[in-house]
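Fold and geometry: a report
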Amino acid sequence: MAKQEDVFKKVVSHAKEYGFIFPSSEIYDGLSAIYDYGQNGAELKNNIKQYWWKAMVQLNENIVGIDSAIFMHPTIWKASGHVDAFNDPLIDNKDSKKRFRADVLVEDYCAKIEDKENKEIEKAAKRFGDAFDKAQFEATNPKIIEYREKRAAILSRLAKSLEKEDLADVKALIEELEIADPDTGSKNWTEVRQFNLMFGTKLGASADSATDLYLRPETAQGIFVNYLNVQKTSRHKLPFGIAQIGKAFRNEIVARQFIFRMREFEQMEMQYFVPPGTELEFYEQWKKTRLNWHLALGLGEDNYRFHDHEKLAHYANAAADIEFNFPFGFKELEGIHSRTDFDLSAHEKFSGRKIQYFDPERNENYVPYVVETSVGLDRLFLAIFSNSLKDEVLEDGSERTVLSLPPALAPVKAAILPLVKKDGLPEFADKIFNDLKFDFNVFYEEKDAIGKRYRRQDAIGTPFCITVDHDSLNDNTVTIRYRDTMQQERVPVSQLRRIIDEKVNFRTLLSKI
Ligand code: GAP
């Protein structure tokens, strides 16, 4: 089996080589943790957005979508708590001069203990074969119990110290565990300090009159501050939701894992406004719906798990992450939070405006409660892209790289390929291209041997290759080649639209949710 780092390296290089993702400003040596999406990446990203938007806005008659501005009144970030509390604890290594997130250093230490646990379990599974009872082994094996207790004690102390803002204790924990800079091995650390993640900027022409603004660190606040506008103009009764896709910015201290943690990224968020007292029921419902939405992509049920938050943010009364098995292990993909009435109440207080709903059934006014679903578009892109990238050894011993993307998300749906560049084949193929282009994103190519062209399409995830040959001119049929099976079939040109549509339309995907 390929090592995790090798798989990840392959993902990054494939994304670049095939026009999905480029380091931003590359000719100037790039900008850390900022990336640009290339011609295929932009298509894939737009298709993921469509899948989310259709599932939220089109399938739910009580969810509407908005597009709010990135710049917002600075008081919004005071009200939301971001000015005072949107911090990460950072620590510098005095020798390497590298900066780390103190909590991540401790969490990585615990992840290593977890790796040891998993190795013990794997070894035992091999030893006992079919008779292996995993649950019993985990509950009784002294080594596993010791590892788990150690991990739990460390994480609980970390959580407590962070909650009490006892940063000296976070440093003491790092020292006690003898955690070293992973690159250099140095244990020469500075104190731990809090670091606000928001990017500041200025609005206004002259330096004296300019107002300090922030680039929004989440899209959700654009929804909260528009709650009244949308409720009044859409005339929706509770429960109803507001969805939004947009850019968010965070000055992340540690931003290493490619597009997993970026400084400029996109979120797809939905706030569901509900009557107080019903929020936990809707929270459970959205957890299920969102997991099903992910599962419909067909990336494998075992690659997802819930992580319920034990330590809740002050404004939440329930929270969970949907984690995905990335090439570097299980990590957060989406957050589902029951945020109570915290945000709307805070905006009521700071703006002086009444943000309430008159409930005709209860015959009372109240501030709605909110259940939020929030998924990072770039993280989702990485999940789909890395899971779909496969190296296959074929029956004849040759190899191919294929990106088996869900067909509805593929950047190019079909490639139209004349077998040779003469005898009227390009003209025939061109006609097919010009017909299909109104329905699908199709691609025309006549250069190179057909096998090479197939491989290039496999590598970008094109579900169909359509080859025009000399027989096509006589009987109006073409060869259609399926990406995943590589099987080829002769079909009438008149059937092409139906065959492609059946596989790539969003209905196929959406009806699985
Ligand atoms: N409004 C709630 C909120 O913003 P969050 O857990 O901080 O919650 C939600 O972020 C999602 O946004 C995460 O689950 C993740 O997918 C994505 N996300 C957060 N920070 C990110 C970053 N620096 N780079 C890429 N995606 C990020």
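Residues numbered from 1 in each chain as written. Predicted model: local features only at pLDDT ≥ 70, side-chain atom pairs only at ≥ 80, totals over all residues. Heavy atoms only, no water.

Notes on the layout of surface pockets
What counts is decided by this rule: Think of a 1 Å grid over the protein atoms and nothing else: a 1.4 Å probe that fits but is trapped marks a cavity, an open set flanked by protein within 12 Å on at least five of seven lines marks a pocket, and residues with an atom within 4 Å of a point count as lining. Grid points are joined across faces, edges and corners, and a volume is the space filled by probe spheres set on the points. Helix numbering and strand numbering both begin at the N terminus, where a helix is a DSSP run of H or I of at least 4 residues and a strand a DSSP run of E of at least 2. Just so you know the grouping, Ala, Val, Leu, Ile, Met, Phe, Trp, Tyr, Cys and Pro go in nonpolar, Asp, Glu, Lys and Arg go in charged, and all remaining residues, Gly too, go in polar.
Computed from the structure, the second largest pocket encloses a volume of approximately 310 Å³. When residues of the lining of the second largest pocket are traced back to their parent elements, those giving at least two are α3 (75-79), α10 (227-234) and α12 (342-351). Here the lining of the second largest pocket is composed, by residue class, of eight nonpolar, five polar and one charged.

Brief notes about the sheet that holds strand β19 (residues 414-418)
Convention followed: When DSSP locates at least two bridges between a pair of strands, those strands are taken to pair. In this description, a line fitted to the C-alpha atoms serves as the axis of each element, helices being fitted only across the stretch in contact, and the angle between N-to-C directions of two axes falls anywhere from 0 to 180 degrees. Note on contacts: a residue pair is in contact if any heavy atoms of the two residues lie within 4.5 Å.
Spatially, β20-β19-β21-β22-β23 is the arrangement adopted by the five strands of the open sheet, whose pairing is mixed. Of all the strands in the sheet, the pair left with one neighbour each is β20 (442-444) and β23 (488-492). Taking each pair of neighbouring strands and ignoring which way they run, the sheet shows an average axis angle of 25°. Sheet topology note: the strand β21 (residues 464-468)/strand β22 (residues 477-482) ladder contains four bridges and is antiparallel. When the bridges of β22 are listed, I466 appears paired with I480. Packed onto the sheet, helix α17 (residues 496-504) meets β19, β21, β22 and β23 and runs at close to 165° relative to β21.

Topic: the packing of helix α1 (residues 4-17) against helix α13 (residues 377-388)
Packed helices, taken two at a time, are described by their axes: the angle between them and the distance between them. Rule in force here: Any angle from 65 to 115 degrees is called roughly perpendicular, while one under 35 is roughly parallel, one over 145 is roughly antiparallel, and all others are oblique.
In the contact formed by α1 and α13, the axes pass within 10 Å of each other and the chain directions differ by 105°. Regarding the angle of α1 to α13, the classification is roughly perpendicular. For the pair α1 and α13, contact is made by F8, V11, H14 and A15 and by L382, F385 and S386, respectively. Considered class by class, the residues forming the contact of α1 with α13 number five nonpolar, two polar and no charged.

Honestly, it's all geometry; don't read function into it.
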